[in-house]
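Now for the letters of each chain:
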Amino acid sequence: MDGRRVVVTGLGVLAPGGANDVATFWRMALASTGTLAGPITAFDASQFSTTFACEVKGYDPEAHFSRKDLRSKDKFVQYAQVAAREAVTQARLNGEGIDRDRCGVIFGSGIGGIGTLEEQHKRFLEKGPGRISPFLCAMMLSNLAAGEIAIEHGLRGVNKSQCTACATGNHAIGDAFDCIRWGKADLMIAGGSEAALTPMGFGGFCSIHALSKQNADPTRASCPFDVRHDGFVMGEGAGAVVLEALDHARQRGATILAEIVGYGATDDAYHITAPVEGGAGLARAMQLALADANLQPADIDYINAHGTSTPVGDPLEVAAIKTVCGDHARQLVVSSTKSTFGHLLGATAAVELVACVKAIGTGIIPPTVNLDQPDLAKGCDLNFAPLRPVEKPVRVAMNNSLGFGGHNASLIVKQFAD
């Protein structure tokens, strides 16, 4: 489709295992050392069916926010603001030369401030309604990440929050892309954040048997497309990008990292948690993104797969890729960075788009770690960059995501060229 060209000028990440900035995230993504998971430290998980997760490490809230500010910020909001700050810094957004009424934020969360809700519910039960924090609503609502980012950076344009489970990040970035190309904004900060590693947040996924139970060795538990895949490894964190109209970025003298060229979104209209058989919904999203970008399947060099390490989801995504790409499916490279960082729920697609941009910029594709024996019986027979990074020029990368409720979203990012 026509419209203004939209480019990426800033990236920000706060991811598990100490990957608290883009440089560290990328180094860890390429390190091939295994899943950055371990026994949960945030609460006692010994009675849960799964006892491990990919937690954010080395994050000191007081290094980023005053104690006063922390009284009114759930972790998911903190993570969002930290990632957005890194993206803003890289984009060199100092407030000069921009029309703040034409700059906005679309930032989402799949679950929002569940940690705050649990804490305040406990306080209510123990001490009564008079002790509920006056900040409860402002801390737990999932739109507060977008609101706080806008307040911090003085961005008065389009502002909203996406909440489409694990497709949230892609939908937020895709909608921000649309805002810019159709003239509703000149610059947008977009992404997703999640901090749902709480007893109820974690326990809910345990109760539906969605999580891996490989408690003996968490570092090998996230193994997308492998015969051992038995569920995802839950994570937390945030990913952020700065998007701009090409003319706006040039006028500011911004460094252009890549170009967003296509976006497709669909719903399976099938089941609240299970994707439709054969991955038809995702296939349609991928096809829409390609048509939007005026590209052919043969143009794709790399797909960052949703790849959650589930025995149902992994084969369905492979089927969708084969449906869309045909013979080219065996020529391109597919990998899942969830094998390293786990599944960051509403943040995951935004973090994975950062990986796509880095793959384009470096010519290195991050591996699918822990992939020792592909699940060939279920059709997992593509080039998944097993165990080691792949050095290959990446001109076009596709980022896929799916979410409970049947949500599918596919974004295409391209190497920038005049």
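So, here's what we can say about the structure. Quick caveat: nothing in here was measured; it's all calculated off a predicted structure. (Residues numbered from 1 in each chain as written. Predicted model: local features only at pLDDT ≥ 70, side-chain atom pairs only at ≥ 80, totals over all residues. Heavy atoms only, no water.)

Looking only at helices and strands, the chain has 13 helices and 14 strands in total. A compact globule built from 418 residues should have a C-alpha radius of gyration of about 22 Å, and the chain, at 20 Å, falls within 12% of that. For the chain, the spread of C-alpha atoms along the three principal axes comes to 65 × 55 × 40 Å. Taking all 418 residues of the chain together, the buried fraction comes to 60%. Taking the intrachain contacts of the chain between residues at least 6 apart in sequence as the baseline, contacts between residues at least 24 apart amount to 80%. When the accessible surface of the chain is summed, it comes to about 15700 Å², and 54% of that surface belongs to carbon and sulfur atoms. (Helix = DSSP H or I, 4+ residues; strand = E, 2+ residues; numbered from the N terminus. Rg over C-alpha atoms; globule rule 2.2 N^0.38 Å. Buried < 20%, exposed > 50% of the residue type's maximum accessible area, 1.4 Å probe, protein only. Contact = heavy atoms within 4.5 Å. Areas by Shrake-Rupley, 256 points an atom, 1.4 Å probe, with all protein chains shown as cover.)

With that settled, the discussion passes to the pattern of salt bridges. Counted according to the given criterion, the structure contains 18 salt bridges. Measuring nitrogen to oxygen at the nearest pair gives 2.8 Å for the salt bridge that ties Asp178 to Arg181. With Asp178 and Arg181 both in helix 7 (residues 168-181) and 3 residues apart, this pair spans about one turn of that helix. On the basis of relative accessibility, which here comes to 7%, the residue Arg181 falls in the buried class. The shortest N-O distance in the salt bridge between Asp381 and Arg330 comes to 3.2 Å. One end of the pair, Asp381, is in the loop between strand 11 (364-365) and strand 12 (390-391); the other, Arg330, is in the loop between helix 11 (313-325) and strand 10 (333-335), and 51 residues separate them in sequence. Judged by relative accessible area, Asp381 falls into the partly exposed class, the value being 32%. (Salt bridge = Lys/Arg side-chain N within 4 Å of Asp/Glu carboxyl O.)

Together, Phe124, Leu125 and Ile132 make up a nonpolar patch on the protein surface, roughly 270 Å² of accessible area in all. Summarising the element assignment, Ile132 is placed in the loop between helix 4 (114-127) and helix 5 (136-140). Here Ile132 falls in the partly exposed class, since its relative accessible area comes to 32%. (Patch = residues over 30% accessible without salt bridge, like charges linked within 9 Å, V, L, I, M, F, W, Y side chains within 5 Å.)

An order of 5-4-6-7-1-8-14-13-9-10 is seen for the 10 strands of this open sheet, with the pairing classed as mixed. Across the chains shown, the open sheet's two edge strands, defined by having one partner strand only, are strand 5 (159-160) and strand 10. Across 6 bridges, strand 4 (residues 103-108) lies against strand 6 (residues 187-194) in parallel orientation. Within strand 6, the residue paired with Cys103 across the bridge is Leu187. Packing of helix 7 onto the sheet brings it into contact with strand 1 (6-14), strand 4, strand 5, strand 6, strand 7 (237-245), strand 8 (258-267), strand 13 (396-403) and strand 14 (407-414), and relative to strand 8 it is tilted by some 120°. (Pairing = 2+ DSSP bridges. Axes fitted to C-alpha atoms, helices over the stretch in contact; angles between N-to-C directions.)

A few words now on the side chain of Thr348. Mapped onto the elements, Thr348 comes out in helix 13 (residues 348-362). If sequence neighbours within four positions are ignored, Thr348 has contacts with Cys166, Lys338, Gly342 and His343.

Of note, Pro393 is situated in the loop between strand 12 and strand 13. Residues Pro393 and Asp301, spaced 92 residues apart in sequence, show a C-alpha to C-alpha distance of 7.9 Å.

Before going further, it helps to spend a moment on the nonpolar core. Among the nonpolar cores identified, the biggest contains 48 residues, and Phe25, Leu243 and Val413 are the most heavily contacted of them. Among the secondary structure elements, those contributing two or more residues to this core are strand 1, helix 1 (22-31), helix 7, strand 6, strand 7, strand 8, helix 13 and strand 14. Per-element accounting of this core gives the leading share, 9 residues, to helix 13. Leave out the neighbours within four places in its chain, and Phe25 touches Val13, Ala15, Ala19, Phe341, Val351, Val354 and Ala355. If you look at the next biggest cluster of nonpolar residues, it comprises 32 residues, including Ala83, Ala150, Leu155 and Ala238. (Core = buried A, V, L, I, M, F, W, Y, C linked by side-chain atoms within 4.5 Å.)

Below, the discussion takes up the environment of Leu243. In this structure, Leu243 sits in strand 7. Residue classification places Leu243 among the buried positions, given a relative accessible area of 0%. Considered as a pair, Leu243 and Gln331 are 88 residues apart in the sequence and their alpha carbons are 30 Å apart. Residues contacting Leu243, with those up to four places away along its chain left out, are Val6, Val7, Val8, Ile173, Ala176, Phe177, Ile180, Asp186, Leu187, Met188 and Ile260.

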